[in-house]
Amino acid sequence: MKIKTAELDRVAVKKSQYPDGDLPEFAFAGRSNVGKSSFINAILNRKKLARTSSTPGKTRTINFYKINDALRLVDLPGYGYAKVSKSAKSSWADSINEYLESRDEIYEVFLLVDIRHEPTSLDARMYDFILQNGFTGIVIATKSDKISKGQYAKNINIIAKKLKIKNKDLIVPFSSEKKDMVDEIWFILEDIMKFHKED
Ligand code: GTP
Ligand code: MG
C-alpha cells in the first residue's frame, strides 16, 4: 500500500474517546517493549509517528492512527510490565478488554511476540482472548534481526507450541530495523479488507 497520509487520529483510554468507527481497523497487542509502536512506524515508513522507547511501558493509551483516510492502525498499551502498580495494570487491562470487546470496526487483532523468547502465559491468555473474539489470530514475531534466519523455524515452533497454533503460516517474522516483511504485512491487511468487502 502506498502511504499518502498517516496521522495520530485519537488517543483514548475509554470507549467514549474512540474515533467514530467508520473505517476498517487493525489492532496490535503484545507485551510491553515487544515492538508494537516500532512495528507501526516500520509499516508506515515513518520514523517517529508512534513513540517508542527502550524503557518498557511507553504506550499507555490506545492510540489510533489514520492511514490514507482509508483505515486505522491501533497501538495498544503493552502488558506484562512488572514495574507498574497493580491498579495501573488492571486499568490498562480493562481498557484493552473494553476496546477488543466493544469495537465492531476491528478487522483483525495481531499479537506481537519477541521471536527470541517463548511467549509468556499472559501472551497465551491474550491470544486465546483474540481467538475467542472471533479473529484469525495472526502473530508477528518481532526483532527477527536479532537471530539468524537459520534459527527462525526452531523459534517459530516454540511460539506455535506455546500458543497452540497448528498453522505456522500464521506466525510472521518481522524486523522493524530491516523492514524486510513490510510488503507481506500490507498484503495480509489488504487481503483481510478485501475479504470483508465480499462478506
Ligand atoms: P510499549 O509501548 O512499552 O508497550 O512497547 P512497544 O511494544 O511499543 O515497543 P517499542 O516499539 O517502543 O520498542 C521497544 C524497544 O525495542 C525499542 O528500543 C525499539 O527500538 C526496540 N525494537 C522494536 N522493534 C525492534 C526490531 O524489530 N528489532 C530490534 N533490533 N529492535 C527493535
Ligand atoms: Mg509502544
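Before reading further, recall that the structure is shown in the block above.
Keep in mind that what you see is a predicted model, and the values were worked out from it rather than measured.

**Q** Please set out the site of ligand 1 residue by residue, giving values where relevant.
**A** Lining the immediate surroundings of ligand 1 are 22 residues, of which Lys36, Ser38, Gly57, Asp145 and Ser176 lie closest. Between Val34 and ligand 1, the recorded distance is 3.3 Å, taken from a backbone N or O atom to an oxygen atom. One nitrogen or oxygen atom from the side chain of Ser37 is found 2.9 Å from an oxygen atom belonging to ligand 1. Protein contacts shield 88% of the accessible area of ligand 1, which totals 650 Å² for the unbound molecule. Cavity membership is defined here by more than half of the atoms lying within 2 Å of grid points; on that basis ligand 1 lies in the largest pocket.

**Q** Which residues make up the sheet that holds strand β4 (residues 71–75), and what are the values?
**A** Reading across the sheet, the seven strands line up as β1-β3-β4-β2-β5-β6-β7 and stay open at both edges, with mixed pairing between neighbours. If you trace the sheet from one side to the other, it starts and ends with β1 (6–12) and β7 (171–173), each paired once. Each adjacent strand pair in this sheet contributes to an overall mean axis angle of 25°, direction not counted. In this sheet, strand β3 (residues 62–67) lies alongside β1 in antiparallel orientation, the contact comprising six bridges. Bridge pairing in β3 links Arg10 to Phe64. Helix-sheet contacts for helix α1 (residues 36–44) involve β1, β2 (25–30), β3, β4, β5 (106–114) and β6 (139–142), and the interaxial angle to β4 is about 155°.

**Q** Explain the nonpolar core to me, using residue names and the numbers behind them.
**A** Among the nonpolar cores identified, the biggest contains 33 residues, and Leu76, Tyr99, Leu100 and Met126 are the most heavily contacted of them. At the level of elements, β2, β3, α2 (86–102), β5, α3 (121–132), β6 and α4 (152–163) are the ones that each hand at least two residues to this core. Setting aside residues no more than four positions away along its own chain, Tyr99 makes contact with Tyr18, Glu25, Ala27, Ile62, Phe64, Val74, Leu76 and Ile106. One finds Phe28, Leu73, Leu112 and Val172 within the second-largest nonpolar core, a separate group that totals 27 residues.

What counts as what
- Residues numbered from 1 in each chain as written.
- Chains lettered and ligands numbered in written order.
- Predicted model: local features only at pLDDT ≥ 70, side-chain atom pairs only at ≥ 80, totals over all residues.
- Heavy atoms only, no water.
- Near = heavy atom within 4 Å.
- Polar contact = N/O pair within 3.5 Å; in protein donor to acceptor, adjacent residues only side chain to side chain.
- Areas by Shrake-Rupley, 256 points an atom, 1.4 Å probe, with all protein chains shown as cover.
- 1 Å grid on protein atoms, 1.4 Å probe; cavity = no way out; pocket = protein on both sides within 12 Å on 5 of 7 lines; lining within 4 Å.
- Sits in = over half its atoms within 2 Å of the grid points.
- Pairing = 2+ DSSP bridges.
- Helix = DSSP H or I, 4+ residues; strand = E, 2+ residues; numbered from the N terminus.
- Axes fitted to C-alpha atoms, helices over the stretch in contact; angles between N-to-C directions.
- Contact = heavy atoms within 4.5 Å.
- Core = buried A, V, L, I, M, F, W, Y, C linked by side-chain atoms within 4.5 Å.
- Buried < 20%, exposed > 50% of the residue type's maximum accessible area, 1.4 Å probe, protein only.

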